[in-house]
Amino acid sequence: MHKDLATLTNQHTVTCDLCIVGAGAAGISMAMDWLDAGKNVVLLEAGGFEFDVETQSLNNGTNIGQRYYALPATRLRFFGGTTMHWGGYCTPLDPIDFEARPYVLHSGWPISFTEFAAFLPAASKMVEIDNETWDLDTYIAGKENYTPLDLNPSVYYSKLFKFSPPTRFGTKYRKALVASTSITVYTHANLTDITLDEEGKVVEKVQAKSLNGNKMTISANHYVLAMGAIQNARMLLVNNKQHKQGIGNHNDLVGRYFMEHPEVKTGQIFLKRPQSMKLYFFDYTKIKMYSELAIAEAAQRAHGILNVTAALHPKKLSGDWAWINKLPEDGKESYDFWVQAEKQISASPPSDVDTKKYLAYQMQIRMEQSPNPNSRITLDSKKDKLGIAEPILNWQLTELERNSIKDMHTLLGKELIQSDVGRLHAPEWVFDTSLEWPATLGGGWHHLGTTRMHNDPKKGVVDANCTIHGINNLHVAGSSCFTTAGAANPTLSLIALTLRLSKHLKQLITK
Amino acid sequence: MITRRMFMRSCSLSAVFLPVLACVTEDKETDVTWFLSETEITAIGKAYAQNSFSFIDKDMLVISGWVITLAEAEVCKKKYLESA
Ligand SMILES: Cc1cc2nc3c(=O)[nH]c(=O)nc-3n(C[C@H](O)[C@H](O)[C@H](O)COP(=O)(O)OP(=O)(O)OC[C@H]3O[C@@H](n4cnc5c(N)ncnc54)[C@H](O)[C@@H]3O)c2cc1C
């Protein structure tokens with residue numbers, strides 16, 4: 001069923017089993033999991049089925065830390081959420097990402113890789129990638145010209161990435177959700193208020209508003225916040241009528257530990273002998289898989305290095321990356337930019353580049369950011385059109401990121417020599433960590449960690465089930481629950497985590 | 001063909017692969033022209049002559065942004081001194 005709050009005249013009150021807030025990758029994945037559950041589910045979405053400027057402006061916010069993309073240009077606020085222009089890169093978090101590593105402060109998830117990985121097949125289905133192995137060698141067996149660099153796998157290996165078409169969740173799943181009799185999708189329904197019981201331990205009801213002033217109240221057995229990592233933290237902080245510090249924030253953790261995946265051009269690899277590099281060749285929307293060089297878990301542990309992967313582009317064909325600083329800052333311009341870019345790329349024929357002709361490869365890394373309490377979301381005195389305080393993002397990186405970049409290059413340079421594959425060159429800032437980050441440092445538009453998972457309420461906002469400590473019927477879905485970031489693009493993994501939460505909720509709700 | 005990578009994978013015992021590494025590194029490559037231009041050779045040679053580099057291993061160093069072997073740095077130095 002679908003209802004548009006903007007067109008509902010009377011004050012609307014609904015009761016349901018489960019109320020999911022936000023219809024992006026996480027919210028839609030959860031709702032789809034309840035299609036046949038025979039329960040009454042409400043899915044609240046801030047926007048409509050199409051992009052609109054006024055709703056998008058509710059994503060405004062201010063950056064005060066490390067230079068970053070303008071906030072309204074990093075997330076989308078309509079049905080489908082940010083998947084309506086995500087890039088479709090998929091690869092899961094690695095086992096090491098879940099470990100408590102002595103050299104990464106605040107690391108260690110309360111769940112194991114195995115518990116998480118059990119939900120990867122279902123998550124893969126949501127993003128329309130195959131459910132075959134994630135082991136590269138098995139995956140490419142028999143594929144002609146897919147030849148990994150012959151490096152020592154206990155130092156560097158080639159990691160498999162699969163590409164979603166990319167699935168636009170709002171387009172792909174709208175019909176099924178709207179046709180469902182047990183799920184009601186409310187569009188133009190912005191969560192504004194979360195009301196707890198007198199003891200402050202249970203959510204009694206939530207309120208949603210449309211920009212034209214309509215209101216609705218939802219009373220559910222369980223609530224799931226799935227609004228993205230900035231918005232999940234913002235809405236918990238802003239709801240501070242009963243708990244002065246905001247909901248779930250007794251220990252001043254909500255909004256802290258904001259993480260991104262720093263992405264930047266770094267060194268170059270010079271191959272000693274020509275070989276097919278088709279395996280590493282990126283051709284957006286034309287390829288279903290590719291590989292990036294990744295630092296092995298044993299080497300990460302031995303050298304105290306964060307998780308990192310490096311994409312390899314033929315140097316001659318790789319641009320100067322200056323475009324990263326010229327991206328539109330306005331929400332609408334940014335949306336148009338990505339839609340246009342995709343149209344153009346999709347219309348072009350597949351590349352006919354013969355990778356055997358190239359010996360020099362530019363590395364573009366995507367790395368784990370270590371959890372840092374000072375990297376955080378707070379509230380501004382400035383308010384949006386619904387009267388909700390805007391978020392302030394203070395993105396802060398640490399020395400560990402710079403040291404890891406230096407060490408992973410040193411190690412790769414060494415490994416290229418020892419394996420007789422090639423040589424490595426990197427710019428000065430890579431080896432001299434006292435120098436500034438280069439101006440082309442960007443992120444993957446990945447927002448993580450602001451309601452981090454930990455079994456100890458003093459160290460995390462949600463527990464191992466993604467339930468807010470101390471509030472048994474309030475749960476969080478999405479990468480805001482990530483304890484550490486890993487180096488993997490987060491959507492596949494956040495969907496897996498969401499489906500794990502969904503399974504837990506089914507046990508609670510059907511009891 | 002069994003690649004070195006596949007070989008390592010099938011026997012993760014360091015006792016097995018360490019001697020292999022030793023073989024690879026023993027026979028040093030001293031031709032640098034396959035990855036360095038004349039200008040880079042001179043720059044590296046000069047930096048090496050001026051002790052402006054850091055060791056990352058007993059026989060490998062980072063110099064002018066390159067990770068190379070000691071033998072390669074020596075070759076660059078020789079060429080630099082010859083051209084000076
Ligand atoms: C340009 C770009 C490229 C990307 N490429 C990749 C990639 O290749 N691979 C990858 O893994 N990830 C990628 N990402 C990240 C990916 O888009 C996100 O990880 C993913 O969309 C997050 O899912 P989510 O459901 O948590 O949040 P979102 O998808 O942002 O959805 C949140 C939803 O909540 C709604 N909402 C917000 N506030 C409220 C409110 N108050 N009330 C009700 N609803 C609300 C929003 O309207 C939205 O629909 C990319 C992102 C961008 C911007």
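Looking at an unreviewed UniProt entry, one finds chain A named GMC family oxidoreductase, with Agaribacillus aureus as its source organism. Recorded under Sequence similarities (unreviewed entry), the UniProt text for chain A is reproduced unchanged: "Belongs to the GMC oxidoreductase family." Of chain A, the UniProt comment under Cofactor (unreviewed entry) reads exactly: "FAD".

Undergrad: Explain the UniProt feature "domain: FAD dependent oxidoreductase" (unreviewed entry) in chain A to me, using residue names and the numbers behind them.
TA: The UniProt record marks residues 17-230 of chain A with the feature "domain: FAD dependent oxidoreductase" (unreviewed entry), using the residue numbering of this structure. The distance from the first to the last C-alpha atom of residues 17-230 of chain A is 26 Å, and the span holds 20% helix and 24% strand.

Undergrad: Describe the UniProt feature "domain: Glucose-methanol-choline oxidoreductase C-terminal" (unreviewed entry) in chain A, listing the residues and the values that go with them.
TA: UniProt marks residues 371-497 of chain A with the feature "domain: Glucose-methanol-choline oxidoreductase C-terminal" (unreviewed entry), using the numbering shown here. Strand forms 17% of residues 371-497 of chain A and helix 24%; the C-alpha atoms that close the span are 19 Å apart.

Undergrad: Run through the sheet that holds strand S6 (residues 156-163) of chain A, naming residues and quoting values.
TA: If you trace the ten strands from one edge of the open sheet to the other, you get S5(A)-S6(A)-S12(A)-S13(A)-S14(A)-S11(A)-S17(A)-S3(B)-S2(B)-S1(B), paired in antiparallel fashion. Each edge of the sheet is formed by a strand with only one pairing partner; in this case those strands are strand S5 (89-90) of chain A together with strand S1 (54-57) of chain B. Here strand S11 (residues 263-271) of chain A runs beside strand S14 (residues 360-367) of chain A; their pairing, made up of six bridges, is antiparallel. Within S14(A), the residue paired with A:Val264 across the bridge is A:Ile365. Against the sheet, helix H3 (residues 38-49) of chain B touches strand S2 (60-63) and strand S3 (66-69) of chain B, its axis set at about 110° to S2(B).

Undergrad: Lay out the side chain of A:Asp384 in plain terms, naming residues and giving numbers.
TA: All names here are of chain A. The residue Asp 384 is located in the loop between strand S15 (376-383) and strand S16 (389-394) in this model. We classify Asp 384 as buried; its relative accessible area is 10%. One polar contact links Asp 384 to Arg 234, side chain to side chain, over a distance of 2.8 Å. Among residues more than four places away in sequence, those in contact with Asp 384 are Leu 58, Arg 234 and Glu 390.

Undergrad: Can you break down the site of the ligand residue by residue, with the values?
TA: All names here are of chain A. Taken together, 35 residues lie near the ligand, and Ala 26, Glu 45, Thr 82, Leu 191 and Thr 491 sit nearest. Between Ala 25 and the ligand, the recorded distance is 3.0 Å, taken from a backbone N or O atom to an oxygen atom. Thr 491 places a polar side-chain atom, nitrogen or oxygen, 2.8 Å from a nitrogen atom of the ligand. Out of a free accessible area of 1000 Å², the ligand has 96% covered by protein chains. Looking at the shell around the ligand, the elements that each hand over two or more residues are helix H1 (25-33), strand S8 (190-196) and helix H13 (491-509). Of the residues contributing to the shell around the ligand, the split by class is 18 nonpolar, 15 polar and two charged.

Undergrad: Talk me through the environment of A:Gln66; I want residue IDs and the actual numbers.
TA: Residue and element names in this part refer to chain A. Topologically, Gln 66 is positioned in the loop between strand S4 (62-63) and S5. Classification of Gln 66 by relative accessible area gives partly exposed; the value is 22%. Placed 77 residues apart in sequence, Gln 66 and Lys 143 show a C-alpha to C-alpha distance of 43 Å.

Undergrad: An account of the packing of aromatic side chains is needed here, citing residue identities and associated values.
TA: Residue and element names in this part refer to chain A. This structure, assessed with the given rule, holds 30 aromatic pairs over all chains. Taking 4.6 Å as the distance between ring centres and 45° as the angle between the ring planes, the aromatic pair formed by Phe 98 and Trp 109 counts as tilted. Highlighted residues: Phe 98 in the loop between S5 and helix H3 (113-117) and Trp 109 in the loop between S5 and H3, separated in sequence by eleven residues. Judged by its relative accessible area of 6%, Phe 98 is buried. Residue Trp 109 is classed as buried on the basis of its relative accessible area, which comes to 8%.

What counts as what
- Per-chain numbering applies: the sequence of each chain, read as written, is numbered from 1 onward.
- As a convention, the first chain written is A and the first ligand written is 1, with the rest following in written order.
- Since the coordinates come from a predicted model, pLDDT governs what is reported: local features require at least 70, and pairs of side-chain atoms require 80 or more to be given and counted, while whole-chain, interface and lining totals use all residues.
- Note that water and hydrogens are dropped before the side-chain values are worked out from all heavy atoms of the structure.
- UniProt positions are given in the numbering used here, feature names are shortened, and annotations may be inferred rather than shown by experiment.
- Put simply, DSSP marks the helices as runs of H or I at least four residues long and the strands as runs of E at least two long, and each gets a number from the N terminus on.
- Two strands form a pair only when DSSP identifies at least two bridges running between them.
- We call two residues in contact whenever any of their non-hydrogen atoms come within 4.5 Å of each other.
- Each axis is a line fitted through C-alpha atoms, taken for helices only over the stretch in contact, and angles between the N-to-C directions span 0 to 180 degrees.
- Buried, partly exposed and exposed residues are distinguished by accessible area as a fraction of the type maximum, computed with a 1.4 Å probe on protein chains only: under 20%, between the cut-offs, and over 50%, respectively.
- Whenever two N or O atoms come within 3.5 Å, that pair is a polar contact, provided that in protein one can donate a hydrogen and the other can accept it, and provided that, for residues adjacent in sequence, both atoms are side-chain atoms.
- What makes a residue near a molecule or strand is one non-hydrogen atom of that residue sitting within 4 Å of it.
- Residue exposure ignores everything except the shown protein chains as possible cover, and the areas themselves are Shrake-Rupley values with a 1.4 Å probe.
- Three residue categories are used. Nonpolar comprises Ala, Val, Leu, Ile, Met, Phe, Trp, Tyr, Cys and Pro, charged comprises Asp, Glu, Lys and Arg, and polar comprises the others, including Gly.
- Under the pairing criterion, centres of Phe, Tyr and Trp rings, with the six-membered ring standing for Trp, must be within 6.5 Å; the plane angle then separates stacked pairs below 30 degrees from edge-to-face pairs above 60, leaving the rest tilted.

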